Structure formats: C-alpha cells, structure tokens
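# Residue-level structure breakdown
Spelled out, the chains give:
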Amino acid sequence: MSDKIFICRCEDLTKEEIDQAIDEGYKTLEELKCKLRLGMGSCQGRGCLLLARRLLCQKTGKSTEEITVPPSRSPFIPVSIGTLASDKDE
Amino acid sequence: MRIRNHPIIDFKKKREISFYFNKKKMYGEEGDTIASALHANDVKVLSHSLRYKRPRGFFCGIGKCSSCFMTVNDIPNVRTCITPVKENIKVMEQDKGGELPNKQFINKDKKRIDVEIVIIGSGPAGLMAALAAAEQGASVLLIDENHMVGGQLVKQTHRFFGSREEKAGMRGIELAVELMKKVVEYKESIQLMLATTVIGCYKGKKRHNLIAVQKLADGDQLFEINGHKIIVACGALENMLAFPGNDLPGVYGAGGVQTLMNVYGVKPGKCVLMVGAGNVGLIVSYQLLQAGIMVDRVVEAMPKIGGYHVHAAKLRRCGVPIYTSHSIKEAYGKEKVEGAVVVKVDDYCQPISGTEENISCDTICLAVGLTPSIRLIEQIGVRTEFILEAGGHVAVHDSSMQTNVRGIYIAGDSSGIEEASTAMIEGQLAGVSAATSLGYDKNASEVKRKCRSALKVFRSGPFGEIPRVGKEKIACCYRNGGLTY
C-alpha cells in the first residue's frame, strides 16, 4: 500500500484529509485554513498553500487565478513571546 | 559523509567543533550549520511530526521551510539549516511544537534603527542594490536571515552565461566574494545585519516600518527599523510536489542539496533521483557528480527538457540518462528514503499504469520550480498578481522596480523567477531608483538606461522568452490595474 501524501508538513495534513474537507464543502483556502489549520504552522503556509490551491483547482474546476491565498501576517517565523514583549513602548 | 576531493572547491578539513545530539557527542567542522553537521554524521531525521509522528528531515537548506526545526540549548523551533554549530551546544530532536523553558532568557529592550534605504536579502539582487544605492550616496542597511551574505550565489559553482559586462564566465561563488569585498569598501554607507529576519512590515506616510529579530549568542534581539525606502530582494522558495512518501527524510529541494554539498561540503547521500530537468535539475545533477555522488537518472514530466542544452549534454556525456515524460510516483522507506517508483506520464501528466519502474536510491531531489517569496510584502499592501511565466504570485512593479506602494521596491526572484544575472541588474536598477527618489544623483539616469538595455538583451534570446512574457504581463498589470479587466 502506498504511503501518505503530505500537503502541509508543519501541521501534518495529508492530501486525503484536504480532499475530504473539500468534498464536505470547504471550497476556499480560507475555509480550509479555519477547519484544518492549513498554512497556520511554523512556516506560515509557504509550501502548502500552493499545493492545496492545486487540489482546489482540480476538485472545483476553478483556475489558479480565481483562488485567493489567505493574507500574510506577522510574525513571519517563530518568535518567542519574550522577544516580542521587549517592545515596551506600545 | 564529507566531500574532500572536488574539482572546483577546496574542501580542506577545518577545525572540529564538538556538540551534542540527543545527548550523544558528535563533531562538526568550523563553518557548518547544525543541520549540515548532523548530516555529515549521517543524521537525517531531525524531528518527528505533530500528529502522525512521522520522521522529518532537511528540505530547503536556506531557512524558508520548517523541516529542520530542532530544540537547541532548550530553545525550540530553531532553524538548524541556517544556525551555525557552536562548541558544546545541545541539539535535541523536537517532537510536537516544542516547549519553552521556564527560565527567562530574554531581557533586552527593543532597539531602533533609522536609515534611508533598507534592503531585505543579500543575494545577487540585494547586494547589487546596496552597492548601487551606496554609489549614489545613500546610506543603506542590508539585512539577511542567513549567517553569510551572497544568498544563493554562494552555492553556484557553475559559470554564468551572458555578456562580459554582466559577469558571464564567473562562478557564483567567486561573484559572492567579489561583491562582498565591494560592500566592505562601502562600509561607511552600507551597514550589514546578518542572522536577522524581518518578521513584519508596516506602511507609514513618510517612512515604512519593519520589525526584525536578530539571533544573538545571548538570545534574540528585537529591532524596529524605519526606512524611507525599502528594497525587497528575498528570493524564492523551492516548490514541493505531492506524492506518497513526499515527507520522508531524504526528499530534498534540489537547491537545498546544492547548499549542503557546495557550501558545507557534505554529501546528501550516495545515490540520487533528480525530479525535474529544468536548469536547476540539470546543473545540480552535474554538481552531484562533481561531488562524487551517483545520479541514477533525471526524470522530467514534460515531453522535453526544460533547461539549456549544454547542461543536458554535459550530464548525458557522464552517462546520466534523462527520462522525459516521466515522473515520480512514490517514495518509500522506513525512517528515510530507501527507494522510489518512477512512471511514464501521458500528455496530461497522468501516470500510465504498467510503466512503473523501481529505483533504489537514498536521496530524491525536487527541482520542480520556484515560487517568489512575496508573503512578507503582501503585509504592507503591495499588489500581487498570479503570472505563470513569473513563477506564480508576484509583486507588480514599474520599470524602476517600484511597487504600487510608494517607497517599496522589489528585485530579483521575488519580482519573477529568473536568473542570478538578471537579478543583479534588477537589484542595481532598484538601488539607483530608490537613491534617486531620495534626491541623490550621480549620473543616475545613465545607469538606469544601461540596466534597462542590459535586461532587454538578456531577455531577447530564446530562453529569455518566458521571463520576458512574465515581465511584460507585470508591466501590463501595473499600467492597467490587473490582468482581470
């Protein structure tokens, strides 16, 4: 039997899980993010969002341009709260 | 597994550095990162995953993915591929998200830096932008998250194409040294900050605001950086491919492997399957052979080879077959890659059953394209468009490399996937443009004109067609407010 196919390595999400969510009706990257934490891991979706977008295209028949990528927010890499807290004047 | 004999790079034995991996004493060499030192000790499993407890290893090698996160001296989520190995550090495999130690290890106030031009990324585009802006007279802050400058130049042992003026015939590794020397000459006006990652950027009326974190020996330091002009040259990220077993340690980005062997002198494995016959796939395959590593074959899903013919011919002369219309079906192995199955694909990239072939290999390199790194500048409101020829979503910019947000410039791969040579010219153009918008002018219009005509020459050849169309579409988007009109 073939091994699992991983789409999001940070959050450990397989193609099977994403396909299933799309079938259930989660048809945008934002919705998939809310349900599965897709792209919310430590790399902030740099690898997985593109692969997930391709799955969405295949399953929904949309073109790549039609699928919006969730907004990017800081912090961009894992930073400890202690470091961020050194910003005292705000 | 270290490389000692190499036709281009002299990998002398350097001073040994001892460290601990899961309490076991190991030795790295001066100049190693934690990940490269572990790899040299044949440690390929760096962590286990969150939910399925799968073994995970190195992937991109340049701090852009999250595959190499480990716990170092009790601090979790350290990007070991860009963190230098130090004497007696304790490196632990990290399970789950990692836990912070109770002890307070940060007690530093935020520091503030005000500067005219901030450049994010010190690769070919960033270095040239810094030099060009400094030559005009501006003061520059050059930031890079790696512990060395040069970006991806530092691993490019092949000679560049193009005209003599654009440094053709030189190798990337030589260019990085040459450019660094020039940056040092301008030390009055170029301030360098390494091991520093910009974690957020915010738009201001007069100045833009960046938040950055610098890795220091005694803990991280937070910086607020205010810059009148910001040039973003943070390159690109290697694409991942979806196939069974694609997360196994031993499945690496081709660029990651290139970093491992050409920068740190460490062999990625003994036998490699290369996926993708574009220039990256072909060049890295040849460089694997130079490092004494076997390349079983190159597979390419398209019906023809994507890269330059000279690179493909060199590889074939060395007896490495290139299979077009073939792709990887799956990778297998227990804790790391032990083999792969390749399959013939039809015109729609669908596998043809019955054509599977089993390959025994310990490394699979993915050279299946790059995606511009634009997630950071999306935060500041820079408009992006999906342009296939430029490698995906790219920041829309004008002919001076300025984006729709005033004062934010872009250059190199983040403005569309192309080559190091064009990244350098774009960097120069962005640097001069940013400096002139601050009022500096030392023959600036002539420099800009030269840059633009050099870019035109580069993109006029048959292999320049894709980037040329990409750039034309970007220009079109900039003028018309989008492709979807």
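None of these values were measured; they are calculated from a predicted model.

### Some details on the overall build of chain A
In terms of regular secondary structure, chain A is built from 4 helices and 2 strands. Starting at the N terminus and ending at the C terminus, chain A contains elements arranged as β-β-α-α-α-α. Here chain A, with 90 residues, has 36% of them falling under the buried criterion. In chain A, 50% of the contacts between residues at least 6 apart in sequence involve partners at least 24 apart.

### What to know about the overall build of chain B
The secondary structure content of chain B amounts to 10 helices and 27 strands. What you see for chain B is a C-alpha radius of gyration of 22 Å, in line with the 23 Å of a compact globule of 485 residues. In terms of overall dimensions, chain B has a C-alpha envelope of 60 × 60 × 45 Å along the principal axes. Residues classed as buried in chain B amount to 52% of the 485 residues present. In chain B, the share of contacts with a sequence separation of at least 24, taken over all contacts with a separation of at least 6, comes to 62%.

### Concerning the interface of chain A and chain B
Facing 38 residues of chain A, the contacting portion of chain B comprises 46 residues. Broken down by secondary-structure element, the contributors of at least two residues to the side of chain A that touches chain B are β1 (6-8), α3 (48-60) and α4 (81-84) of chain A. Per-element tally for the side of chain A that touches chain B: the top contributor is α4(A), with 3 residues. Classifying every residue of the side of chain A that touches chain B by side-chain character gives 15 nonpolar, 12 polar and 11 charged.

### A word on the sheet that holds strand β4 (residues 55-56) of chain B
Strand pairing within a sheet occurs via backbone hydrogen bonds; the two strands may be parallel or antiparallel. Residues and elements named next belong to chain B. The sheet built from 3 strands is open, its strands ordered β4-β3-β8 with mixed pairing. Bordering the open sheet on either side are β4 and β8 (94-95), each of which pairs with just one other strand. Two strands pair when backbone bridges link them, and strand β3 (residues 47-48) and β4 are joined in this way by 2 bridges, in the antiparallel orientation. Counted as the bridge partner of His-48 is Pro-55 from β4.

### Describing the packing of helix α2 (residues 124-136) of chain B against helix α8 (residues 420-437) of chain B
Residue and element names in this part refer to chain B. At a minimum axis distance of 7 Å, the contact between α2 and α8 shows a crossing angle of 35°. Pair α2 / α8 crosses with right-handed handedness. Along its contact with α2, which presents Pro-124, Ala-125, Gly-126, Leu-127, Met-128, Ala-129, Ala-130, Leu-131, Ala-132, Ala-133 and Gln-136, the element α8 presents Ala-420, Ala-423, Met-424, Glu-426, Gly-427, Gln-428, Ala-430, Gly-431, Val-432, Ala-434, Ala-435 and Thr-436. In terms of residue class, the contact of α2 with α8 is made up of 16 nonpolar, 6 polar and 1 charged.

### A closer look at the sheet that holds strand β1 (residues 16-21) of chain B
Residue and element names in this part refer to chain B. The 5 strands are arranged β2-β1-β7-β5-β6 in an open sheet whose pairing can be described as mixed. Strands with a single pairing partner mark the edges of an open sheet, and in this sheet they are β2 (24-29) and β6 (75-79). Direction aside, the axes of adjacent strands within the sheet are offset by 40° on average. For strand β5 (residues 69-72) and β6, the ladder comprises 3 bridges, and the chain directions are antiparallel. What sits directly across from Met-70, in β6, is Val-78.

### So, the nonpolar core
Judged by nonpolar contacts, the single largest core of 160 residues is most densely connected at B:Ile119, B:Ala129, B:Ala130, B:Ile231, B:Val232, B:Ile364 and B:Cys365. Once residues lying within four places of it in the same chain are set aside, the contact partners of B:Cys365 are B:Tyr252, B:Ala254, B:Val257, B:Val272, B:Met274, B:Val275 and B:Val284.

### Details of the pairing of strand β25 (residues 384-387) of chain B
Two elements, β25(B) and strand β26 (residues 392-395) of chain B, share 4 bridges in a ladder whose sense is antiparallel. Residue pairing in the sheet places B:Phe386 in a bridge with B:His393 of β26(B).

### Observations regarding the confidence of the model for chain B
Looking at chain B, pLDDT values average 92 and 96% of them are 70 or higher. Overall fold confidence for the complex sits at a pTM of 0.93, while the interface term, ipTM, reaches 0.92.

Here is what the cut-offs are and how they apply
- Residues numbered from 1 in each chain as written.
- Chains lettered and ligands numbered in written order.
- Predicted model: local features only at pLDDT ≥ 70, side-chain atom pairs only at ≥ 80, totals over all residues.
- Helix = DSSP H or I, 4+ residues; strand = E, 2+ residues; numbered from the N terminus.
- Buried ≥ 20, exposed ≤ 12 C-beta atoms within 10 Å, placed from the backbone.
- Contact = placed C-beta atoms within 7 Å.
- Rg over C-alpha atoms; globule rule 2.2 N^0.38 Å.
- Nonpolar A, V, L, I, M, F, W, Y, C, P; charged D, E, K, R; others polar.
- Pairing = 2+ DSSP bridges.
- Axes fitted to C-alpha atoms, helices over the stretch in contact; angles between N-to-C directions.
- Left-handed = near helix turned anticlockwise from the far one by under 90°.
- Core = buried A, V, L, I, M, F, W, Y, C linked by C-beta atoms within 7 Å.
- pLDDT = per-residue confidence, 0-100.

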